[in-house]
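Topology and contacts: notes
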Amino acid sequence: MGGLSKKLFQIKNLTEEKSTNRLLVDSGNLLFKRKIVAKGINQERLTAATILDVYTDIGYDAVAVGPHDLAGGLTLLQESKASGFPWLSANIVGKNGQLLFKSIIKKQIQGRNIAITAVSNAPERAIPGVEMQSWEEVLPSILKQITTEHSDIFIILLSSLNNSENRKIAQIFPEISLLITADSRQGNVSPTLVNKSLLIQTERQGKSQGLLQISLGNSRQWGQDSQKILADLQNKLGSLNWQLQRLLKKSKSTGFTEKYAATITRLENEKEALTTEITEMKQQVLEEQLDGTAKDTFTYRFLPLKKNMPNDQPTEERLKKLNNDIRVLNKKKKETNKPIGQAAVIRLPQSLIGSNTCSSCHELQGDFWKTTQHGTAYDTLVKKQKHLDLECLPCHMTIDVPGGKFESLITESLLSFPEALQSVGCETCHGNGQKHLQDPEHFKLVRTPGINICLTCHTDAHDDNFQYQPKLEKIACPAG
Ligand code: HEC
Ligand code: HEC
Ligand code: HEC
Ligand code: HEC
């Protein structure tokens, strides 16, 4: 985890200005180091939830589900998927063969079409509810699906398969332009052309990152940048000319013509060859401009995460909070000496979008809400170091309580809820906002929450003096 905030610092610095034409992708094995992670609340799961938060904030475009990501079971992955995390896999399916994650993510960058897909190898232990299909089975149809819409689309495959399989894929599917791999037995792999695909990998656990700058031509073929080659050749000719002039002058002024003759002849031959090369390259540049067959070109750098690099402050804060959470958890474990958390059904925050998103359109109500106790209900728990207590979280968070009864709710998953669902948010009173967000005029939310909603939390045990009307007035959002 130590490298995480340096990594974030680096990403922000590299991409802040041009975030519209960059893609941030990861080939997977992000969450866990172990092959299997215990149920319940534990250090590993708290850490994984923090990693997800950090990756969500920086705005990753696609993250492949690797076998280690499955080590904690499906729940965490499905919850983060439901709140918008860009998990991607074309070959991880459920018991009935249905896809569990998105299989293709499409992007447009500067008007060019890009598709990202992902395949992974199987986890070493079976995961309940998860089946794996082989890449041989899924890739043909996925690639067909991608290319029928745009034949010249730039295709990226994220793969946690091993190197020999990746090479096989490159041989069989030349339509894949770029394979970003995560073979744990290999470290950094510089861009390597295999058949028509470029293979690339950065070493695992974030010791370095890879920055690949691609300039897309219009034929899906990797090639050299002929403009740049031409410029290099012209520079070379320049310095050759200068050398020649100097020697000719010397030979004339000293009179030792024989001494210099051989070198001069050699340089003159070189000059002639270079001139021919330049003429040809000029021709090529011209042709490329005329028929528009420029190739895709790239430059590449590995960016090591150096010890003395600054940290990203928001990430540092998160890690501090994580460390504190882990401390509290361990203390609690010692006290009770029994496992925390219950097994069970999990409610996903599927159609909840979080108060921040609501406030982006309803600024006035958002500002008001922050001043109410509902807006700080989670902080109240943090102050008392009770924010990991499953008995407290349900009423101090934004959740979709089935039938208003907490009994049927499995609270363990609340720990991995996104920050935006902490505290008693807008959707507690106005209802789930997913559809309203997409089309506010057609999908209206509840305007005035009824007493039953309040009573879910304002129970006798927690509020022995609940009167609907006066309390409603206290928290009613302003009009406008
Ligand atoms: C994309 C902007 C947008 C977002 C995001 C948004 N709303 Fe709205 N909301 C609107 C608009 C526009 C209206 C007015 C619709 C109308 O009356 O036709 C509205 C109306 C409302 C109303 C009044 C309904 C009524 O009957 O008078 C409530 C309450 C409301 N929104 C709550 C929310 C909540 C809670 C969220 C977050 C879950 C949210 N909104 C997110 C745009 C948005
Ligand atoms: C069934 C819902 C529910 C549960 C569970 C719950 N609370 Fe609350 N809590 C409330 C409500 C409602 C209030 C507001 C009470 C009022 O209006 O007087 C409240 C208020 C509080 C306050 C007072 C805030 C203030 O500054 O006045 C604290 C502190 C608090 N809760 C902590 C906890 C802790 C710690 C737990 C777990 C042991 C917990 N709550 C569990 C519903 C709940
Ligand atoms: C504890 C319940 C509760 C919470 C939480 C809550 N609201 Fe409200 N909201 C109300 C009540 C009550 C009204 C007033 C309804 C009425 O006029 O009858 C209201 C009114 C509104 C309206 C309509 C305002 C108008 O034009 O008259 C909007 C929009 C709204 N809320 C948005 C939000 C947003 C956004 C959030 C979160 C940032 C939020 N609400 C959080 C209870 C809540
Ligand atoms: C998801 C649980 C939940 C729901 C639903 C809920 N509240 Fe609360 N409410 C709380 C908690 C928790 C607090 C205390 C927060 C704190 O201070 O940390 C609180 C505090 C309040 C307070 C301030 C303390 C007080 O008693 O004066 C008012 C007023 C209030 N709620 C009114 C309402 C009303 C009205 C509704 C229904 C429209 C409602 N709440 C629905 C959890 C809830």
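Everything numeric in this text was worked out from a predicted model, so none of it was measured.

Here we look at the domain arrangement of the protein
One widely used convention gives an interface's size as the accessible area the parts lose upon coming together. Under the domain assignment, the protein is made up of domain 1 (4–218 + 296–304), domain 2 (226–293) and domain 3 (341–475). Distance between the C-alpha centres of domain 1 and domain 2: 46 Å.

So, the coordination of the iron atom of ligand 3
Taken together, His430 (NE2) and Cys477 (SG) make up the protein donors of the iron atom of ligand 3, found 2.1 to 2.3 Å from the metal. Taken together, the six donor atoms coordinating the iron atom of ligand 3 span angles of 87 to 179° at the metal, a pattern that classifies the geometry as octahedral. Of this pair, histidine 430 sits in helix α12 (residues 426–430) while cysteine 477 is found in the segment after α15 (468–475), placing the two residues 47 residues apart along the sequence.

Some points on the packing of aromatic side chains
Counted under the stated rule, the structure contains two aromatic pairs. Considering the side-chain rings of tyrosine 55 and tyrosine 60, the 4.2 Å spacing of their centres and the 20° angle between planes classify their relative orientation as stacked. Classification of tyrosine 55 as buried rests on a relative accessible area of 3%. For the pair phenylalanine 85 and tryptophan 87, a centre-to-centre distance of 4.8 Å together with 55° between the ring planes defines the contact as tilted. Each member of the pair phenylalanine 85 and tryptophan 87 is classed as buried.

A look at the side chain of serine 120
Tracing the backbone shows serine 120 in the loop between β6 (112–119) and β7 (131–132). We classify serine 120 as buried; its relative accessible area is 4%. When neighbours within four sequence positions are excluded, serine 120 is seen to be in contact with Val65, Gly66, Pro67, Asn91, Ile92, Met132, Ser160 and Leu161.

Observations regarding the site of ligand 3
Surrounding ligand 3, one finds 22 residues, the nearest of these being Cys426, Cys429, His430, Arg447 and Cys477. With respect to ligand 3, the side chain of arginine 447 contributes an N or O atom lying 2.5 Å from an oxygen atom. Measuring from an oxygen atom of ligand 3, one finds a side-chain N or O atom of threonine 448 at 2.7 Å. For the shell around ligand 3, the secondary-structure elements that each account for two or more residues are α9 (355–361), α10 (363–371), α12 and α15. Tallied by class, residues from the shell around ligand 3 come to 12 nonpolar, nine polar and one charged.

As for the coordination of the iron atom of ligand 2
One donor from the polypeptide reaches the iron atom of ligand 2: His396 (NE2), at 2.4 Å. Along the chain, the position of histidine 396 falls in the loop between α11 (377–383) and α12.

Some thoughts on the pairing of strand β8 (residues 154–159)
For β8, the tally of buried residues reaches six of six residues, placing the bulk of the element in the interior. Burial of the side chains of β8 extends over both faces: Phe154, Ile156 and Leu158 are buried on one face and Ile155, Leu157 and Ser159 on the other. As defined by bridge partners, β6 adjoins β8 across six bridges and the pair is classed as parallel. Each residue of the ladder has a partner; that of isoleucine 114, found in β8, is phenylalanine 154. As paired elements, β8 and strand β9 (residues 176–181) share five bridges and run parallel to each other. Note that in β9 the partner of isoleucine 155 across the bridge is isoleucine 176.

What counts and how
- Residues numbered from 1 in each chain as written.
- Chains lettered and ligands numbered in written order.
- Predicted model: local features only at pLDDT ≥ 70, side-chain atom pairs only at ≥ 80, totals over all residues.
- Heavy atoms only, no water.
- Domains from an automatic or database assignment.
- Donors = N, O, S within 2.8 Å, 3.2 Å for Na, K, Ca; no water.
- Tetrahedral: all angles 85-135°; square planar, octahedral: opposite > 155°, others 65-115°.
- Helix = DSSP H or I, 4+ residues; strand = E, 2+ residues; numbered from the N terminus.
- Phe/Tyr/Trp six-rings, centres within 6.5 Å; stacked < 30°, edge-to-face > 60°.
- Buried < 20%, exposed > 50% of the residue type's maximum accessible area, 1.4 Å probe, protein only.
- Contact = heavy atoms within 4.5 Å.
- Near = heavy atom within 4 Å.
- Polar contact = N/O pair within 3.5 Å; in protein donor to acceptor, adjacent residues only side chain to side chain.
- Nonpolar A, V, L, I, M, F, W, Y, C, P; charged D, E, K, R; others polar.
- Pairing = 2+ DSSP bridges.

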